[in-house]
Amino acid sequence: MTSPDTNVAVRLLARSPASLKRKREAAKQLIEGYYCQLTKGCGNEFCTNGNCASCPGFKQLDNNQAAARALELYRTRAELCVGWPTKKLRSLLYQNISHDKFKHKDLKSVAENDTDVICSEKQKQDSFQDISYLTEEKVNEILNVCNETGDFSLLVRVIGRIFSSAEKLVKSFRKPEMQKTCLNCLPKNTPADVEKGDKTITVFGCEDSVPCCSQQKSCDCLAQSVKPEDVTVDVKSVQRVYRKLLLHNRIETALINALMYLSPDVECDLSYHNAYNRDSNYLNVFIIVMENHNLHSPEYLESALPMFCKAMCKLPLSAQANLIQLWSTYSSNDTRRMIEVFQQLITYKVISNDYSSRNLVNEDDVVVAATKCLKLVYYANLLGGVLTLENDDEESSQETRERNLQQNLLIEDTNYKKGPRVDPLEKILNFKTIDCCRPVIPYDEFVNESLNNVLAVDKDYIFFKVDSEKKFSFLTCPFLLTPYTKSQGLYYDNRIRMFSERRITVLYNLVQGQQVQPYLRLKVRRDHMIDDALVRLEMIATENPSDLKKQLYVEFEGEQGVDEGGVSKEFFQLVVEEIFNPDIGMFTYDSYTKQFWFNPTSFENDGQFTLIGIVLGLAIYNHCILDVHFPMVVYRKLMGKKGTLEDLADSHPVLYRSLKDVLEYEGNVEEDMMITFKVSYNDLFGVPITHNLKESSEDIPVTNQNKKEFVQLYTNYILNQSVEKQFRAFNRGFHMVTNESPLKYLFRPEEIEQLICGSKNLDFHALEEATEYDGGFTKESRIVRDFWGITHSLPEEQKRQFLQFTTGSDRAPVGGLGKIKLIITKNGPDSDRKHTDKAATNSTDTEIQYSKAQTNLGSQETTNNTYVLQCTATSRLLYQGQAEGKAS
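Fair warning: this is a prediction, and the values are worked out from it, not measured in the lab.

(A) Looking closely at the overall build of the chain. The helix and strand tally for the chain stands at 40 helices and 14 strands. Relative to its full complement of 888 residues, the chain shows a buried share of 49%. Taking the contacts inside the chain whose residues are at least 6 apart along the sequence as the reference set, 74% of them involve residues at least 24 apart. Accessible area of the chain: about 44700 Å², with a carbon and sulfur share of 49%.

Rendered as structure tokens:
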């Protein structure tokens, strides 16, 4: 294959209508000869042709200059040197001739031998000129020729020609069985052996036939299927070829250039010509290119890879699903390699651009395309992991009918229904992200911190809810976002719903004259908090469930105070402490795991469990942290999945190890363990309870043949059947608040736990870095330095007490303490009073007050995690005294 510049010259010549075919071929060969003479030379060290690169006084030309000069030489019919071997070939040739023999050797005979070698090599090169597809064997053959001559130009031209053409690349690197039977995939006049009856005959490929692997009904060689084994490309062969090719820089440059030529054509074929619908093997192009393990290198990031990502985004959903199915069979190393390719491109574009409110990252086509491609790898990563597809969903048909009835009664703005809820890929794959218990690559490796730092969540949320079809929203790819970024999107969603409910209330008041409360008001007595809250919330859920979407406003009877967040947090804390009290018996406490589980024999009615479900939903809706300790299986069940054996490892670790021992036991289970399908356990009060996993369980022993069934039934009973009544009520209460929220779409079960419970990891240095100062204080003020010095020196328990006093919770919110906006300010002028040792140790002299700052939904710099810490003169003296006492 000639260079692009030579081809330009040839095409210019071929435009003359008077030129005949033979003349065009002759002219092409002559121009190519001049071009090679100008760039490589004839090989004669003593050449006197001024238009030859071998001439000692010749000035080297670049490719463009050489192409233009070759055209001029053709027009003037300039002298063309006689072919000589290359310098490397000549040196190798003369190494085989001793110096003594060379003295008596006729130089003419040596030249004749050299010419014979050139002719032989030229014949080999000419045999590769008409290659229309590549195989591993052909690549090896060309590599051998190039290694012998020391010139890789032939391989560079072949690689450039094949990898720049989608038609040729589709036919390349086929599996051996496909190469033997698919005649239509062969180039014209290419022989192939085909079995016909008892005989083997040789036939030739036809240029005009339709590829047999397309979806045309006339071809039955390969049916369309999403099974990875039906893919016609030999992936292992492609990987071996890449390992050999990428050892040479010139070949990698040819691959980069070919990818730049290939991508626009592929994008056009998919967008306007339905290339994949006409030939399902068009997917081979993407499979082959993605096996290049250097795609993440800087040479590809500038142009080639962005263009290829844009082309991949044009694949129809069915093709994307097929690609996901194939990639799900890859090893963890191959999956991680593809993740790094797209992550590297996203990071490269993000750090090389300056995004703002007028230049959003959502409008960067390259970042958007790379994100969509990474999404395919993400689904492949989940499909290749440990799945629970065989389990039924937690929601029964009865629950579904109840849920539909509740949703029909809800009063909501139709705008809330806009925006994606189920990814189209999940539908075509018949798969949900929650179905994956353990992916091939951890979820954290898909998160891109650089993207999260420049993402305007408020704008992205608008695209997510309103303009999802016109504008791309990164909330549609939550795997790329940190829990904090997603919690911001959820916060905006919750606040807008609250404002909408308030707006509807105002309209009712104006139009119908009804005095409807704009808030969800709960007036409770401290001594009867559970009863009062239960009655009030049950009444709201029955009469108007949409009121649960209003902003919570709690009032304790007989107490004065305005609920700006602190009273609500205290209400949540007291309700959780009372409901999870072991004396009540709603939940059992495991001292080993330090977690609560539903009590199967609880005497409490469903309303109590519904209440705790509503409380958890309200905590998420009002952005509050609760001190609850559920195993992860509870959050998986809230997402719609049943508990499995893997979940027992977290909720019932002792039972899990016992059941694993039964499964892994290699001896005779029936004789050695002597267990049946009748199980027993003690309830909260120590009363033994028995349960039959099957009918006539006492007479059914557990054997090596049915031990898997026993473990499955036992697990299902502990995590699902035994607590079905309690969890159904709990689940109903939770979804009364969150049924319209994008919670399930954005968050995984472990992230929902973090939303509700916060984080136990307290990084006070991150809090110090995020703190702001007002009223004359600065970071370098003595009182500020003393304050942080004492705070960092406190033991863990006192740090939690300080956090509880300041924020209303002893846990860090999603994103850590660095996401809390703490403002330290003066409360009054300085005092001249001297502090004493007594004052320095008396905690009653501390007058620190905090109040929650008002927030603005439209501002990104302030969130609802903003607190003001006001220090009086007495407290400032106290801190100075404590600091000096510690120093002494």
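Next comes the rest of the account.
(B) Quick look at the pattern of salt bridges. Counted under the stated rule, the structure contains 28 salt bridges. When the shortest N-O distance is used, the salt bridge between arginine 525 and aspartate 532 registers 2.9 Å. Linked through salt bridges whose partners overlap, the residues forming this network are Lys465, Asp493, Arg497 and Glu740.

(C) Examining the pairing of strand 6 (residues 552-556) more closely. In terms of burial, strand 6 is largely enclosed, as four of its five residues are buried. Pairing of strand 5 (residues 520-524) with strand 6, which is carried by five bridges, proceeds in the parallel orientation. Directly across from leucine 522, in strand 6, lies its bridge partner valine 554. In the classification by handedness, the crossover that spans strand 5, the intervening helix 25 (residues 529-543) and the parallel strand 6 is right-handed.

(D) Representation of unusual backbone geometry. Positive phi outside glycine occurs at asparagine 274, with the angle close to 50°. Relative to the elements of secondary structure, asparagine 274 occurs in the loop between helix 12 (249-272) and helix 13 (275-278). With phi around 55°, methionine 674 is a residue other than glycine that occupies positive phi space. By the secondary structure assignment, methionine 674 is in the loop between helix 31 (669-673) and strand 9 (678-682).

(E) Here's a closer look at helix 17 (residues 317-327). Buried residues dominate helix 17, accounting for eight of its 11 residues. Looking at helix 17, one finds that the buried residues are Ala319, Gln320, Ala321, Asn322, Leu323, Ile324, Leu326 and Trp327. Buried-residue contacts for helix 17 involve helix 13, helix 14 (284-290), helix 16 (304-312), helix 18 (332-351), helix 19 (365-383) and helix 21 (424-429).

(F) Quick look at the nonpolar core. Phe163, Phe286, Met312, Trp327, Phe571, Phe587 and Phe730 are the most contacted members of the largest nonpolar core, which has 188 residues in total. Residue contributions to this core peak at 14 residues, all from helix 19. If you look at the next biggest cluster of nonpolar residues, it comprises 16 residues, including Phe777, Trp788, Leu803 and Leu822.

(G) How the structure looks around the packing of aromatic side chains. On inspection of all chains with the given rule, the structure shows 32 aromatic pairs. Between tyrosine 519 and tyrosine 553 the ring centres are 6.1 Å apart and the planes differ by 40°, which places this aromatic pair in the tilted class. Highlighted residues: tyrosine 519 in the loop between helix 24 (483-511) and strand 5 and tyrosine 553 in strand 6, separated in sequence by 34 residues. The class of tyrosine 553 is buried, set by a relative accessible area of 19%. Here a set of aromatic residues connected by ring pairs shows up, and it is made of Phe580, Phe587, Tyr589, Phe596, Trp597, Phe598, Phe609, Phe630, Phe727 and Phe730. Sitting above the plane of the phenylalanine 556 ring, arginine 526 keeps its charged end 4.1 Å from the centroid. A cation over a ring is seen here: lysine 819 above tyrosine 484, with NZ or CZ 4.3 Å from the ring centre.

(H) Just a nonpolar patch on the surface, in detail. On the surface, Val506, Leu510 and Val511 cluster together to form a nonpolar patch covering roughly 330 Å² of accessible area. Summarising the element assignment, valine 506 is placed in helix 24.

(I) Examining the packing of helix 23 (residues 457-465) against helix 24 more closely. Where helix 23 contacts helix 24, the two axes come as close as 10 Å, and the packing angle between them is 65°. Seen along the crossing, helix 23 lies across helix 24 with a hand that is right-handed. Here Val457, Asp458, Tyr461 and Lys465 of helix 23 lie close against helix 24, whose contacting residues are Thr485, Gln488, Gly489, Tyr492, Asp493, Ile496 and Arg497. Classifying every residue of the contact of helix 23 with helix 24 gives four nonpolar, three polar and four charged.

(J) Main features of helix 16. Within helix 16, seven of the nine residues are buried, which leaves it mostly tucked inside the rest of the structure. At its buried positions, helix 16 is contacted by helix 12, helix 14, helix 15 (298-301), helix 17, helix 18 and helix 19.

Reading guide: rules and limits
Residues numbered from 1 in each chain as written. Predicted model: local features only at pLDDT ≥ 70, side-chain atom pairs only at ≥ 80, totals over all residues. Heavy atoms only, no water. Helix = DSSP H or I, 4+ residues; strand = E, 2+ residues; numbered from the N terminus. Buried < 20%, exposed > 50% of the residue type's maximum accessible area, 1.4 Å probe, protein only. Contact = heavy atoms within 4.5 Å. Areas by Shrake-Rupley, 256 points an atom, 1.4 Å probe, with all protein chains shown as cover. Salt bridge = Lys/Arg side-chain N within 4 Å of Asp/Glu carboxyl O. Pairing = 2+ DSSP bridges. Right-handed = clockwise from strand over helix to strand, strands pointing away. Core = buried A, V, L, I, M, F, W, Y, C linked by side-chain atoms within 4.5 Å. Phe/Tyr/Trp six-rings, centres within 6.5 Å; stacked < 30°, edge-to-face > 60°. Lys NZ or Arg CZ within 6 Å of the ring centre and 35° of its normal. Patch = residues over 30% accessible without salt bridge, like charges linked within 9 Å, V, L, I, M, F, W, Y side chains within 5 Å. Axes fitted to C-alpha atoms, helices over the stretch in contact; angles between N-to-C directions. Left-handed = near helix turned anticlockwise from the far one by under 90°. Nonpolar A, V, L, I, M, F, W, Y, C, P; charged D, E, K, R; others polar.

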